[in-house]
Amino acid sequence: RRVRDQMENPPRTSDGGLLKFLQEIRILRPIEVEPPIGSRASPRFYVLDIVAGDDEPPVDPLELLQAHRADGVLCYFSALVLHGLTSQPASSHHLALLQPRKETAKDPVPPTKSDRKGPRDDRQSPNPLGTLAFTHDGLPYFTSRRRFPLTKVQTRYLNARTIVRTTTIEQTLLDTLHRPQRCGGPEVVFESWERGLSLID
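Remember, it's a predicted structure, so these values are computed and weren't measured experimentally.

Caption draft 1: Here's a closer look at the packing of aromatic side chains. This model, assessed by the stated rule, comprises two aromatic pairs. On the numbers, 5.1 Å between centres and 55 degrees between planes, the contact of Phe-45 with Phe-134 is tilted. In this pair, Phe-45 sits in strand 2 (residues 45-48) while Phe-134 sits in strand 5 (residues 131-136), placing the two residues 89 residues apart along the sequence. Taking relative accessible area as the criterion, Phe-45 reaches 7% and is therefore assigned buried. With centroids separated by 4.6 Å and ring planes inclined at 20 degrees, the aromatic side chains of Phe-134 and Tyr-141 adopt a geometry described as stacked. Summarising the burial analysis for this pair, Phe-134 and Tyr-141 share the class buried.

Right under this line is the structure:
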């Protein structure tokens, strides 16, 4: 749309017509995803790339996850896969939506037993894996709320067209202890620590 607006004689077509034209000339490829059950809005994803030949390469799940929210951070099982800390295929993917840490004027008072509550996303979603954003190729993609700057983040190149934000190796290993179920369970947790101990700072 931005390119069209900058042209001297832009083509007279709607946004939908432009999307259709780019798909016909194989520059734009739609990625099919399934929205959560009962959701009215379905996220739409496209790969903007020049495809050589008839074979369309599959989109990387981590690329799709980062495209869902550019300000999100890959975490849990997805971060384990990205850092090469597990040989297990991901059974789910996770994206953290960072929330600013609330500043208080005085020292915080430790909560009493009756005041203790889980993280915000766990109170809003009955699913222990987080809030289901969409499903792609049978794999669920979840989001969860996490605190910033408590969550340590780094930026990495995923491929020629995508830069992703992910939790650091140290943060990812700590996450396996805090949320082992979101990281694939005990087998994945033990393997990730065996692989990661020599890599941590």
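Still more to cover.
Caption draft 2: Representation of helix 3 (residues 61-68). When helix 3 is considered as a whole, its buried residues turn out to be Leu-62, Glu-63, Leu-64, Leu-65 and Gln-66. A side-chain oxygen of the first residue of helix 3 lies 2.8 Å from the backbone nitrogen of Leu-62; this N-cap is Asp-60.

Caption draft 3: Broad picture of unusual backbone geometry. Phi at Tyr-76 is positive, roughly 50 degrees, even though this residue is not glycine. Positionally, Tyr-76 belongs in helix 4 (residues 76-82).

Caption draft 4: How the structure looks around the nonpolar core. Within the largest apolar cluster, 16 residues are counted, with the highest numbers of intra-cluster contacts made by Ile-31, Val-33, Phe-45, Leu-64, Leu-74 and Phe-134. Elements that contribute at least two residues to this core include exactly strand 2, helix 3, strand 4 (93-100) and strand 5. No other element matches helix 3, which puts three residues into this core. Counting 12 residues, the second-largest nonpolar core is a separate cluster that includes Cys-75, Ala-96, Cys-183 and Val-188.

Caption draft 5: Focus on the side chain of Thr-162. Take Thr-162: it is sitting in strand 8 (residues 162-167). Polar contacts involving the side chain of Thr-162 include one to the side chain of Glu-63, which spans 2.7 Å. Every residue in contact with Thr-162, bar those within four places of it in the chain, is listed here: Glu-63, Arg-156 and Tyr-157.

Caption draft 6: The arrangement of the environment of Ala-90 in detail. Inspection of the secondary structure assignment puts Ala-90 in the loop between helix 4 and strand 4. Along the primary structure Ala-90 and Leu-139 are separated by 49 residues, whereas in three dimensions their C-alpha atoms are 8.3 Å apart. Residues within four places of Ala-90 in sequence aside, it is in contact with Phe-77, Val-81 and Leu-139.

Calculation criteria
Residues numbered from 1 in each chain as written. Predicted model: local features only at pLDDT ≥ 70, side-chain atom pairs only at ≥ 80, totals over all residues. Heavy atoms only, no water. Phe/Tyr/Trp six-rings, centres within 6.5 Å; stacked < 30°, edge-to-face > 60°. Helix = DSSP H or I, 4+ residues; strand = E, 2+ residues; numbered from the N terminus. Buried < 20%, exposed > 50% of the residue type's maximum accessible area, 1.4 Å probe, protein only. Polar contact = N/O pair within 3.5 Å; in protein donor to acceptor, adjacent residues only side chain to side chain. Core = buried A, V, L, I, M, F, W, Y, C linked by side-chain atoms within 4.5 Å. Contact = heavy atoms within 4.5 Å.

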